[in-house]
Amino acid sequence: MGEIRVALAGIGSCASSLVQTAELVRRDGTALDGVMYELIGGYRVGDTRFVAAFDVDTGKIGLDLAKAVVTPPVAAVPHTDVDPTGVLVEPGPLLDGIGGNLVGVVEPHPASRETTVDDVAERLTAVGADVLVCLLPTGATEAVQAYARAAVRAGVAFINATPEPVVHEPSLAAEFTDRGVPLLGDDLRSHLGATTLHTALIELLQSRGLPVVNTYQLNVGGNTDFLNLADPARAAGKMRTKRSALHAAGIDASTVSAGPNGFVRYLGDEKVCMIRVEASSILNSSLTLDIRMQVEDSPNATGTLVNAVRVAKTAAEHDRAGSVDEACAFLFKNPRVGAPESVGLRQFRAYVDSVTRD
Ligand SMILES: NC(=O)c1ccc[n+]([C@@H]2O[C@H](COP(=O)([O-])OP(=O)(O)OC[C@H]3O[C@@H](n4cnc5c(N)ncnc54)[C@H](O)[C@@H]3O)[C@@H](O)[C@H]2O)c1
C-alpha cells in the first residue's frame with residue numbers, strides 16, 4: 001500500500017505527539033498500545049508521511065518539523081527522538097490564531113500577517129498532500145476556517161481537530177460536498193478523554209433505566225491549550241462542543257458545567273478530569289459516581305488522530321464528499337450527526353470494515 005501525505009497546521013503539543021508516534025511506529029515497526037487498528041483500508045500508522053507544516057510562531061518558522069515539535073511552548077513530553085524530516089515549518093495565515101492568554105507567549109512571525117488562503121492551497125498542491133490536519137488553538141475561528149478553505153480549494157481532505165465550526169459552518173461544509181472533498185470534524189474527541197468517559201457513563205446508567213439527575217465534568221491542565229482555554233472568550237467553542245457531546249449521549253446538557261476549568265502550570269501535559277454523575281434509582285434511591293482521571297493530554301489526542309488520518313485518506317479514495325458522518329460520531333465531539341458512544345463505535349467499526357475488506 002502507499003503512504004498518507006499529511007500536512008499539519010499548528011505545530012503544538014498534539015502535533016508533537018502525532019509526529020513522535022508516526023516516527024516510533026515507522027522506526028520500530030511495533031504495535032503501540034492505544035492504536036485500535038493496525039490496518040485501516042490497508043494503511044498502517046507508519047504509512048503517515050509529513051509533507052508540510054504551518055505555524056505562526058517566530059520560534060518555530062524555518063525549523064525542521066522534528067525540531068519544532070520539541071520547541072517551547074510545546075508541552076508534549078518527548079517520548080522518542082524524531083529524525084530530521086526535511087519538512088520546514090512555514091508561515092500560515094495568522095488572522096485570529098494568537099489571542100487572549102497566548103499574546104506574549106507566541107510571537108507571530110511577520111510573514112504570517114501576509115500569508116493568504118491561496119498561498120496555503122498552492123503549497124498543499126505543490127507537496128501533493130492528501131490530508132490537512134488542523135491543530136490550531138481553540139477560539140481561532142477565522143484562522144481555522146481559512147485552512148479549511150485552503151484544503152477544499154486544493155482538493156485535500158480536512159480534519160478539524162478544533163472546536164471552531166467547519167462541519168457546522170453550512171456554506172463552508174457545502175464547499176467540501178460540492179467539490180467532492182472529505183471533511184472530518186468538529187473538535188477531536190481524545191481517545192479516552194473526559195468526553196468519552198462521561199458519555200459512556202451516562203449511556204451505562206441510562207441502559208439500566210437510571211436517569212441522570214445532576215452531573216458535571218471539570219478539567220484542569222498545564223499545557224498551552226489549557227493556558228489558552230483559561231480565557232473564557234477563547235473557551236466558548238470548547239464548552240459548546242462538550243455540551244453537544246453530552247446532548248448526543250441523551251441528556252439535556254444545556255445547564256451542565258462541562259469544560260476547561262483552569263490552567264495549572266506545573267501539570268504540564270498532564271490533564272486532570274473530575275466527573276460526577278448523580279442518578280435516580282428504585283424508590284427514588286440515589287446513585288452517585290465520582291471519578292478522577294489523570295492522563296497525558298496530547299498522546300491521548302493522537303490515539304484518535306491516527307484513526308482520523310486513515311479515515312480521511314480512505315474516504316478520498318472512495319470518492320466521499322463532505323462530512324464522513326459514520327466515522328465522525330466516534331472521532332469528534334461535535335460531528336454533523338452525533339450519537340451515543342456505543343452507536344458511534346458501531347458506525348466507526350462498520351466504516352473501517354467496509355474500507356478494509358476492499
Ligand atoms: N487531547 C488534546 O490535547 C486535544 C483533544 C481534542 C482537541 N484538541 C484541540 O486541538 C487543538 C490543538 O491543541 P494543542 O494542545 O496542540 O495546542 P497548542 O497550543 O499546543 O498548539 C497550537 C499551535 O497552533 C499554532 N498557531 C496559532 N495560530 C496559528 C495559525 N493561524 N496558523 C498556524 N498555526 C497557528 C500555535 O503557534 C501553536 O504552535 C486545540 O484546538 C485543542 O482544543 C486537543
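One structure accompanies this document, and this report is about it. What you see is a predicted model; the values in this text were computed from it and never measured.

Notes on the pattern of salt bridges
Applying the stated criterion across every chain yields a total of 16 salt bridges. For the salt bridge of Arg276 with Glu278, the shortest nitrogen-to-oxygen distance reads 2.9 Å. For Arg276, a relative accessible area of 24% puts it in the partly exposed group. Classification of Glu278 as partly exposed rests on a relative accessible area of 24%. Here Asp290 makes a salt bridge to Arg276, at a shortest N to O gap of 2.7 Å. A residue pair is termed long-range when its members are at least 10 positions apart, and Asp290 in strand E10 (residues 286–296) and Arg276 in strand E9 (residues 270–280) qualify at 14 residues. Three or more residues are tied together by salt bridges with common partners; here these are Glu23, Arg26, Arg27 and Asp28.

Thoughts on the site of the ligand
Of all residues adjacent to the ligand, which total 32 residues, the nearest are Asp55, Lys60, Pro93, Leu136 and Tyr147. Within the backbone of Ile11, a nitrogen or oxygen atom sits 3.4 Å from an oxygen atom of the ligand. Note that an oxygen atom of the ligand is positioned 2.7 Å from one of the backbone N or O atoms of Leu136. Listing elements by their share of the shell around the ligand, those giving two or more residues are helix H1 (13–28), strand E2 (48–55), helix H4 (141–154), helix H7 (224–229) and helix H9 (297–317). Here the shell around the ligand is composed, by residue class, of 17 nonpolar, eight polar and seven charged.

Rules used in this analysis
- Sequence positions are assigned chain by chain, starting from 1 and proceeding in written order.
- Thresholds applied to this predicted model are a pLDDT of at least 70 for local features of residues and 80 or more for the giving and counting of side-chain atom pairs; totals over whole chains, interfaces and linings are not thresholded and use all residues.
- Side-chain numbers come from the whole structure's heavy atoms, not from hydrogens or water.
- One side-chain nitrogen of Lys or Arg within 4 Å of one carboxyl oxygen of Asp or Glu is enough to make a salt bridge.
- Whether a residue is buried, partly exposed or exposed follows from its accessible area with a 1.4 Å probe, protein chains only, as a fraction of its type maximum: under 20%, in between, or over 50%, in that order.
- Helix and strand definitions follow DSSP, with helices as H or I runs of at least four residues and strands as E runs of at least two, each counted in order from the N terminus.
- Near, as used in this document, describes a residue that has one of its heavy atoms within 4 Å of the molecule or strand being considered.
- What qualifies as a polar contact is a pair of N or O atoms within 3.5 Å, subject to a donor-acceptor requirement within protein and to the restriction that residues adjacent in sequence count only when both atoms come from side chains.
- Each residue is assigned to one class: nonpolar for Ala, Val, Leu, Ile, Met, Phe, Trp, Tyr, Cys and Pro, charged for Asp, Glu, Lys and Arg, and polar for all the others, Gly among them.

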